[in-house]
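The lines below spell out each chain.
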Amino acid sequence: MIDPERRADAAAPDITAVPGVVAVHDPRPLIARAVRAGADAIGSREPVAEVIVSDAGATLATAISVSSRTAAPDVARAVADLLLTTNPAAERVSVQVRRIALG
Amino acid sequence: MTDPSAHRLDCGKTVDEISDYLEAGRTPFDPDIETCPECLNTLDALSRAGRLSRELLDADARALPEPSAGWFEGVMTAVRAEMRAGRSIPISHPDPRVDASVTEGAVHALIRATGDRVRGVYVGRSEIIGDVEQPGAPISIGLTASVAWGVDIRAAADGVRTAVAAALATHTELDVRAIDVEIHDVHRPTPPEERS
């Protein structure tokens, strides 16, 4: 069962508020989304605000699209910093830039 | 026989499905495509190729050469290959707990979009050569392109090289040592009002 408290923790950071982020995506591959096998395999809950949090709360993962007006590495680091700030006990934070949208 | 999975993006959509969606005017709205980064990258690339195709039908330009017969198919093939997420290109972070990266597909899309923005140029294929997953590894970029009739080919190639180098320096931490641009085709001029 999903712990509502953990869901609230994971939802807390609004990644779309980070300058340069234009979209946030489910970081799991389609097969995991379709059959949820991938999520089970890594012991994660359904993503909240497109952030996957492992059952132990140790791993957070997200995928983003960024604007070309802001350097993608800076945006990715800012998102990682936000996740670390809101989840200081995290052992691993994964941020993947999947699209750089030319404005 | 062509392997159908070779035309499938990581999200499960095929490039042909996305092409059909584009041709239908992006209606009815498909939230799976419109929220998927790889699908959106593909839509962008196909939109630009489609624009070139329409430009070639422009009455004022009919007397001028078209790209070679296989050019559009080559672009489609390249898009199919490039738009998958591919390898993860690392982004540095001072905290060792952070694993940040940009996908190879996102970088291919960036290269293609940046090259297409150079006046008179349409990118055919792009290649990222080297161990991109190893920080600091030397990387080279290979590009093929078609250039509009009347455009200085050397200037166009230089423009692509400069624009792509700037884009990669801004959006990746790749150690790009070379950007090789090969002009494979010459096409009809691009009406200025139709370029974005």
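Treat the numbers as computed from the prediction; the structure is a model and nothing was measured.

A. Local environment of the overall build of chain B. The secondary structure content of chain B amounts to six helices and five strands. The helix and strand sequence of chain B, counted from the amino end, reads α-α-α-α-β-β-α-β-β-α-β. Burial analysis of chain B (196 residues in total) assigns 40% to the buried set. In chain B, 68% of the contacts between residues at least 6 apart in sequence involve partners at least 24 apart.

B. Just the packing of helix 5 (residues 104-116) of chain B against helix 6 (residues 153-171) of chain B, in detail. Residue and element names in this part refer to chain B. It is at 9 Å that the axes of helix 5 and helix 6 come closest, and there the two elements cross at 140°. Relative to helix 6, helix 5 is oriented so that their crossing is right-handed. Two secondary-structure elements touch here, helix 5 through Leu110, Ile111, Thr114 and Gly115 and helix 6 through Val160, Ala163, Val164, Ala167 and His171. Class assignment for the residues of the contact of helix 5 with helix 6 results in six nonpolar, three polar and no charged.

C. Looking closely at the sheet that holds strand 4 (residues 138-148) of chain B. All names here are of chain B. With respect to topology, three strands assemble into an open sheet ordered 3-4-5, the strand pairing being mixed. Both outer strands of the open sheet, strand 3 (121-129) and strand 5 (175-187), are each paired with one neighbouring strand and no more. On average, adjacent strands in this sheet sit at an angle of 15° to one another, irrespective of strand direction. Note: strand 3 against strand 4, eight bridges, orientation antiparallel. Across the sheet, Tyr122 pairs through a bridge with Ser146, a residue of strand 4.

D. How the structure looks around the interface of chain A and chain B. Contacts between chain A and chain B engage 23 residues on the former and 26 residues on the latter. The leading source of residues in the side of chain A that touches chain B is strand 4 (residues 92-101) of chain A, at nine residues. Across the side of chain A that touches chain B, the residue classes break down as 14 nonpolar, four polar and five charged. Here strand 4 of chain A runs beside strand 2 (residues 98-103) of chain B; their pairing, made up of five bridges, is parallel. Paired with A:Ser94 across the bridge in strand 2 of chain B is B:Asp99.

E. Highlighting the confidence of the model for chain A. Residue and element names in this part refer to chain A. Looking at chain A as a whole, the pLDDT averages 75, with 60% of positions reaching at least 70. Across chain A, the secondary-structure element scoring lowest on mean pLDDT is helix 1 (residues 4-11), at 43, and the one scoring highest is helix 4 (residues 72-86), at 95. Within the model, pLDDT remains below 50 along residues 1-11, and this stretch shows 13 contacts once partners closer than five positions in the same chain are excluded. The model gives residues 30-41 a pLDDT under 50, and that stretch makes 15 contacts with residues more than four places away or in other chains.

F. Up close: helix 5 of chain B. Across its 13 residues, helix 5 of chain B extends 18 Å between first and last C-alpha, which sits within 8% of the 18 Å expected from 1.5 Å per residue. Looking only at helix 5 of chain B, the buried set comprises B:Gly105, B:Ala106, B:Val107, B:His108, B:Ala109, B:Leu110, B:Ile111, B:Arg112, B:Ala113, B:Thr114, B:Gly115 and B:Asp116.

G. Representation of the environment of A:Pro88 in the model. As for its placement among the helices and strands, A:Pro88 is situated in the loop between helix 4 and strand 4. The exposed category is assigned to A:Pro88, around which 7 C-beta atoms lie within 10 Å.

Parameters at a glance
- Residues numbered from 1 in each chain as written.
- Chains lettered and ligands numbered in written order.
- Predicted model: local features only at pLDDT ≥ 70, side-chain atom pairs only at ≥ 80, totals over all residues.
- Helix = DSSP H or I, 4+ residues; strand = E, 2+ residues; numbered from the N terminus.
- Buried ≥ 20, exposed ≤ 12 C-beta atoms within 10 Å, placed from the backbone.
- Contact = placed C-beta atoms within 7 Å.
- Axes fitted to C-alpha atoms, helices over the stretch in contact; angles between N-to-C directions.
- Left-handed = near helix turned anticlockwise from the far one by under 90°.
- Nonpolar A, V, L, I, M, F, W, Y, C, P; charged D, E, K, R; others polar.
- Pairing = 2+ DSSP bridges.
- pLDDT = per-residue confidence, 0-100.
- Expected span 1.5 Å × (residues − 1).

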